[in-house]
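Residue-level structural notes
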Amino acid sequence: KGRLLPVRSERHALRQPIAETRPEQIKALVLQPRQNVYVRLAAIEALAATGDYSLVPVIVDLALKADDEAEELPRYLHALGKYDEALIEYLRFLRLFPESDLSSTAKLRVMFLHYDSEHYREAIVWAEEVLSSGGFKNNVIDEVFFWLGAAYLKIGNTHKAREYIDKSIGLEKTQFAE
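Structural notes, computed from the coordinates. (Residues numbered from 1 in each chain as written. Predicted model: local features only at pLDDT ≥ 70, side-chain atom pairs only at ≥ 80, totals over all residues. Heavy atoms only, no water.)

1. Here we look at the packing of helix H8 (residues 103-116) against helix H9 (residues 120-133)
Heads up, the condition is: Angles run from 0 to 180 degrees between N-to-C directions of axes, and those axes are lines fitted to C-alpha atoms, restricted for helices to the stretch in contact. Numbering goes from the N terminus for both helices and strands, where a helix is a DSSP run of H or I of at least four residues and a strand is a run of E of at least two. Here the word oblique covers every angle except those under 35 degrees (roughly parallel), over 145 (roughly antiparallel) and from 65 to 115 (roughly perpendicular). Should the near helix be turned anticlockwise from the far one by less than a right angle, the crossing is termed left-handed; should it be turned clockwise, right-handed. Should any heavy atoms of two residues lie within 4.5 Å, those residues are considered in contact. Residues are grouped as follows: Ala, Val, Leu, Ile, Met, Phe, Trp, Tyr, Cys and Pro are nonpolar; Asp, Glu, Lys and Arg are charged; all remaining types, including Gly, are polar.
Viewed as axis vectors pointing N to C, H8 and H9 meet at an angle of 160 degrees, and their least axial separation amounts to 8 Å. On the basis of the axis angle, H8 is roughly antiparallel to H9. For the pair H8 and H9, the sense of crossing is left-handed. Two secondary-structure elements touch here, H8 through Ser104, Lys107, Leu108, Val110, Met111, His114 and Tyr115 and H9 through Tyr120, Glu122, Ala123, Trp126, Ala127, Glu129, Val130 and Ser133. Looking at the contact of H8 with H9 residue by residue, the classes come out as nine nonpolar, three polar and three charged.

Structure, rendered in structure tokens:
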């Protein structure tokens with residue numbers, strides 16, 4: 001039925017219930033011709049979390065039509081599970097357009113790529129880069145803190161994991177951090 005392996009990350013699993021309960025509506029968001037690109041990308045990422053790749057031909061077509069300077073191409077590749085290719089595109093974008101308004105977002109996406117491909121140490125490096133580059137609202141910073149804590153947990157550093165997860169929810173120290 002056009003299914004490939006689902007995206008492995010628990011990060012994508014947060015979107016999975018939406019796509020599983022309303023798959024036709026999510027697919028319609030992808031297929032609508034004049035859809036906002038960010039809405040389309042979120043819908044594609046939600047579908048990727050379910051392992052439903054029935055729209056792969058559409059996504060491939062969108063990727064082929066994507067402008068080289070746009071953020072969409074690596075996100076399409078990422079949603080398709082093409083982590084290496086997506087990473088190459090993000091790094092190329094950062095090399096060619098280091099002063100772009102989208103460079104901070106590209107760094108954030110590189111962090112997610114490394115996390116999703118289970119390269120947690122690299123995810124930590126990129127998370128720290130994202131935090132030092134600034135330019136994000138507090139809710140994004142909180143999300144970076146959360147995934148930084150999750151990456152530390154994956155490599156067995158529970159002290160750092162607690163520190164960053166506490167930061168993600170606005171606590172300096174919890175009763176569980178001791």
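On we go.
2. So, the environment of Asp116
You can see Asp116 is positioned in helix H8. As for Asp116 and Gly81, which are separated by 35 residues in sequence, their C-alpha atoms are 9.2 Å apart.

3. Points about the environment of Glu85
The condition that has to hold: For every residue, the accessible area obtained with a 1.4 Å probe (protein chains only) is divided by the maximum for its type, and the residue is called buried under 20%, exposed over 50%, and partly exposed between those limits.
Tracing the backbone through its elements, the reader meets Glu85 in helix H7 (residues 83-96). According to the relative accessible area criterion, Glu85 is partly exposed, its value standing at 37%.

4. Quick look at the side chain of Lys107
For Lys107, the location among the structural elements is in helix H8. Classification of Lys107 by relative accessible area gives buried; the value is 17%.

5. Examining the packing of aromatic side chains
For clarity, the cut-off: Each pair of aromatic rings taken from Phe, Tyr and Trp, with Trp reduced to its six-membered ring, is defined by centres within 6.5 Å and is described as stacked if the planes are under 30 degrees apart, edge-to-face if over 60, and tilted in the remaining cases.
Tallied over the entire structure, the rule returns six aromatic pairs. Each ring, one from Tyr152 and one from Tyr164, has its centre 5.8 Å from the other, and the planes form 5 degrees; the classification is stacked. Taken as a pair, Tyr152 in helix H10 (residues 138-154) and Tyr164 in helix H11 (residues 158-168) lie far apart in primary sequence, 12 residues in all. Like Tyr152, the residue Tyr164 is buried in the burial classification. An aromatic cluster is defined as three or more aromatic residues linked by ring pairs; in this entry it consists of Tyr115, Tyr120, Phe146 and Trp147.

6. Remarks on H8
We apply this condition: To estimate how far a helix should extend, the number of its residues minus one is multiplied by 1.5 Å.
Relative to the 20 Å expected for 14 residues at 1.5 Å per residue, H8 spans 20 Å between its end C-alpha atoms, a close match to the ideal helical length. For H8, the buried fraction is high: 13 of the 14 residues fall into the buried class. The positive-phi residue at the C-terminal boundary of H8 is Glu118, with phi of around 65 degrees.

7. Quick look at unusual backbone geometry
You will see that Glu118, though not glycine, has its phi angle at about 65 degrees, which is positive. Among the secondary structure elements, Glu118 is positioned in the loop between H8 and H9.

8. Quick look at the side chain of Ser168
Rules: Within 3.5 Å is the distance limit for a polar contact, defined as a pair of N or O atoms, with the added protein rule that one can donate a hydrogen and the other accept it, and that residues adjacent in sequence qualify only through two side-chain atoms.
By the element assignment, Ser168 lies in helix H11. One polar contact links the side chain of Ser168 to the main-chain carbonyl oxygen of Ile165, over a distance of 2.6 Å. Those residues in contact with Ser168 that lie beyond four places of it in its chain are Asp142, Phe145 and Phe146.

9. So, the packing of H8 against H10
At a closest axis distance of 11 Å, the pairing of H8 and H10 adopts a crossing angle of 25 degrees. As the angle between them shows, H8 and H10 are arranged roughly parallel. Every pair of crossing elements has a handedness; the one defined by H8 and H10 is left-handed. Counted together, Leu108, Met111, Phe112 and Tyr115 of H8 and Val140, Glu143, Val144, Trp147, Ala150, Ala151 and Lys154 of H10 form the full contact between these two elements. Each residue belonging to the contact of H8 with H10 can be placed in one class, and the counts come to nine nonpolar, no polar and two charged.

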